[in-house]
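Chains, contacts and geometry: an overview
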Amino acid sequence: MDTIRAIIFDLDGVICFTDNYHYQAWKELADAEGIYFDEKINGRLRGVSRMESLDIILERASRCYTQEEKEQLATRKNESYVRLLEKMSPRDLSDEVKNTLDTLRQRGYKLAIGSSSKNTKKILKQIGLDGYFDAVSDGTNITKSKPDPEVFIKAAEMVEEKPENCLVVEDALAGIDAAYAGGFISAGIGDAASHKYVTYPIHTFSDLLSIDKL
Ligand code: BG6
Ligand code: MG
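As recorded by an unreviewed UniProt entry, the protein carries the name Beta-phosphoglucomutase and is attributed to Roseburia faecis. Its UniProt record, at the heading Sequence similarities (unreviewed entry), says of the protein: "Belongs to the HAD-like hydrolase superfamily. CbbY/CbbZ/Gph/YieH family." Check the Catalytic activity (unreviewed entry) section of the UniProt entry for the protein; it says "beta-D-glucose 1-phosphate = beta-D-glucose 6-phosphate".

This part covers the domain arrangement of the protein. When cut into domains, the protein gives domain 1 (6-16 + 92-210) and domain 2 (19-85). Distance between the C-alpha centres of domain 1 and domain 2: 24 Å. The partner domain 2 presents 11 residues to the 13 residues of domain 1 that form the contact. Between domain 1 and domain 2 lies a buried interface of about 950 Å² when both sides are counted; carbon and sulfur atoms form 50% of it. Put simply, R46 and D191 hold a salt bridge, and the shortest N to O gap is 3.1 Å. The tally of links from domain 1 across to domain 2 stands at five residue pairs in polar contact (both at pLDDT 80 or more). Ranked by the residues each element gives to the side of domain 1 that touches domain 2, the list is headed by helix α6 (residues 120-126), at three residues. For the side of domain 1 that touches domain 2, the residue count by class is three nonpolar, four polar and six charged.

As a further point, take the site of ligand 1. Looking at ligand 1, there are 15 residues lining it, with D12, V48, S117, K118 and N119 nearest. Within the backbone of V48, a nitrogen or oxygen atom sits 2.6 Å from an oxygen atom of ligand 1. Contacts to ligand 1 include K118, whose backbone N or O atom sits 2.7 Å from an oxygen atom. Protein chains shield 97% of the accessible area of ligand 1, which is 400 Å² for the free molecule. Here the residues of the shell around ligand 1 are counted per class, giving three nonpolar, eight polar and four charged. Both domains that furnish three or more residues to the shell around ligand 1 are identified here as domain 1 (6-16 + 92-210) and domain 2 (19-85).

This part takes up unusual backbone geometry. Cis geometry is adopted by the peptide bond preceding P147, which originates at K146 and carries an omega value of 20°. Mapped onto the elements, P147 comes out in the loop between β3 (135-137) and α7 (150-158). Non-glycine residue E160 carries a positive phi angle of around 55°. Its location among the elements puts E160 in the loop between α7 and β4 (166-170). Accessibility expressed as a relative area gives 69% for E160, which makes it exposed.

Alternating positions in strand β1 (residues 6-9) separate into two faces, A6 and I8 on one and I7 and F9 on the other, with burial throughout. Sheet topology note: the β1/strand β2 (residues 110-114) ladder contains four bridges and is parallel. Looking at the pairing, I8 lines up with A112 of β2. Taken together, the four bridges between β1 and β4 define a ladder with parallel strand orientation. Each residue of the ladder has a partner; that of I8, found in β4, is V168.

Conventions and cut-offs
- Residues numbered from 1 in each chain as written.
- Chains lettered and ligands numbered in written order.
- Predicted model: local features only at pLDDT ≥ 70, side-chain atom pairs only at ≥ 80, totals over all residues.
- Heavy atoms only, no water.
- UniProt positions renumbered as here; feature names shortened; annotations may be inferred.
- Domains from an automatic or database assignment.
- Contact = heavy atoms within 4.5 Å.
- Buried area = accessible area lost by both parts, 1.4 Å probe.
- Salt bridge = Lys/Arg side-chain N within 4 Å of Asp/Glu carboxyl O.
- Polar contact = N/O pair within 3.5 Å; in protein donor to acceptor, adjacent residues only side chain to side chain.
- Helix = DSSP H or I, 4+ residues; strand = E, 2+ residues; numbered from the N terminus.
- Nonpolar A, V, L, I, M, F, W, Y, C, P; charged D, E, K, R; others polar.
- Near = heavy atom within 4 Å.
- Areas by Shrake-Rupley, 256 points an atom, 1.4 Å probe, with all protein chains shown as cover.
- Buried < 20%, exposed > 50% of the residue type's maximum accessible area, 1.4 Å probe, protein only.
- Pairing = 2+ DSSP bridges.

Quick look at the structure:
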């Protein structure tokens, strides 16, 4: 097996938890439009881009929406979501995650973010990790969202490493699909731990420190 030199972390559900804010913002929109939406459907939005998330929600709509209407809905949702993100602070970064990141850095790994979110930089700032990572690849520099590997390939390029020398850390099934498609080894937490293509299933973030190759 190849040597790991860089670690690419998904953001939402791995470094911090924004699921509930996504849920609240989508729920407000779905209620206003009279579309059924629940936490189970919200689970399907993990790792998926904003517009693709909206398409999943609109599966339950009683009418078709034009592209222009969809863009307006996505903008409305994002405005609510960004307002909710204002509540986040460095307290939303757990000691476990911060200490693990610091230890991995001390061990000499390059650390990068690979997230579908266009709000990545804002979230990193809110939780006190602005400028912490060697590279940030996110929803603003990609054309295809997970399960396409583009976001991770761009992150690997930014840290000047080949995919086979990077470990991707993910909580979403779409994220493990993306890592596998791009030729990355992966560590999966939560739902992603049971994905058939995950290399290292982990229960908690600090389990990364026990992976034999790290
Ligand atoms: C991912 C989340 O990180 O970002 C998804 O897991 C979300 O649920 C996606 O839809 C896009 O986020 P944003 O912030 O660009 O709307
Ligand atoms: Mg995630």
